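Residues per chain are reported as follows:
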Amino acid sequence: MSIAQTILDQLGGKRFVTMTGAKNFGDTGNGLAFQVPASLTKNRINAVKIVLDPSDTYTVKFLRIGRSDLKTISQHSMIYCDQLEDLFERETGLLTHL
């Protein structure tokens, strides 16, 4: 199983995709990148990148991608797999489960 698929499963898999409207998933080799609907998120976040670190934790970036620029809204390091959903909900305002 790829790292990207493992991360998606840790976020909640199909339930996560349905609840958040996430799309355009990409395997970055050592992580997962995807888009979320900016009109529904806090701070107009429209992309998320999650990277597996050598310490077996994650670095999570919440981004706003414009036509000609890329802005990092927030970045979090040393995130454990069981913290991914809570961090995503706190930063985007989107619920990952009922």
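Rules used in this analysis
- Residues numbered from 1 in each chain as written.
- Predicted model: local features only at pLDDT ≥ 70, side-chain atom pairs only at ≥ 80, totals over all residues.
- Heavy atoms only, no water.
- Helix = DSSP H or I, 4+ residues; strand = E, 2+ residues; numbered from the N terminus.
- Rg over C-alpha atoms; globule rule 2.2 N^0.38 Å.
- Contact = heavy atoms within 4.5 Å.
- Areas by Shrake-Rupley, 256 points an atom, 1.4 Å probe, with all protein chains shown as cover.
- Lys, Arg positive; Asp, Glu negative; His and termini not counted.
- Charge placed at Lys NZ, Arg CZ, Asp CG, Glu CD.
- 1 Å grid on protein atoms, 1.4 Å probe; cavity = no way out; pocket = protein on both sides within 12 Å on 5 of 7 lines; lining within 4 Å.
- Points joined across faces, edges and corners; volume = space filled by probe spheres on them.
- Nonpolar A, V, L, I, M, F, W, Y, C, P; charged D, E, K, R; others polar.
- Pairing = 2+ DSSP bridges.

1. Observations concerning the overall build of the protein chain
- When helices and strands are tallied, the protein chain shows three helices and five strands.
- For the protein chain, the N- to C-terminal ordering of α and β elements is α-α-β-β-β-β-β-α.
- Relative to the 2.2 N^0.38 estimate, which gives 13 Å for 98 residues, the radius of gyration of the protein chain is 12 Å and therefore close to what a compact globule would have.
- Taking the principal axes of its C-alpha atoms as reference, the protein chain extends roughly 30 × 30 × 20 Å.
- Once local pairs closer than 6 in sequence are excluded, the contacts in the protein chain between residues at least 24 apart make up 33%.
- With the model as given, the accessible surface of the protein chain reaches about 5700 Å², and the carbon-plus-sulfur share is 51%.
- A distance of 12 Å separates the average location of the 11 positive side-chain charges in the protein chain from that of its 10 negative side-chain charges.

2. Points about empty space enclosed by the protein
- On inspection of all chains with the given rule, the structure shows one cavity of 30 Å³ or more.
- When contributions to the lining of the largest cavity are tallied by element, the ones reaching two or more residues are β3 (47-52), β4 (58-65) and α3 (84-92).
- For the lining of the largest cavity, the leading source of residues is α3, giving three residues.
- Residue composition of the lining of the largest cavity, grouped by class: eight nonpolar, no polar and no charged.

3. Quick word on the pairing of β4
- In this sheet, β4 lies alongside β3 in antiparallel orientation, the contact comprising six bridges. Across the sheet, the residue bridging to V51 is T59, located in β4.
- Hairpin connection from β3 to β4: five residues lie between these consecutive antiparallel strands, with D56 at a positive phi of about 65 degrees.
- For β4 and strand β5 (residues 70-79), the ladder comprises seven bridges, and the chain directions are antiparallel. From the neighbouring strand, F62 faces β5, where its bridge partner is S74.
- If you look at the hairpin formed by β4 and β5, you'll find four residues sitting between the two strands.

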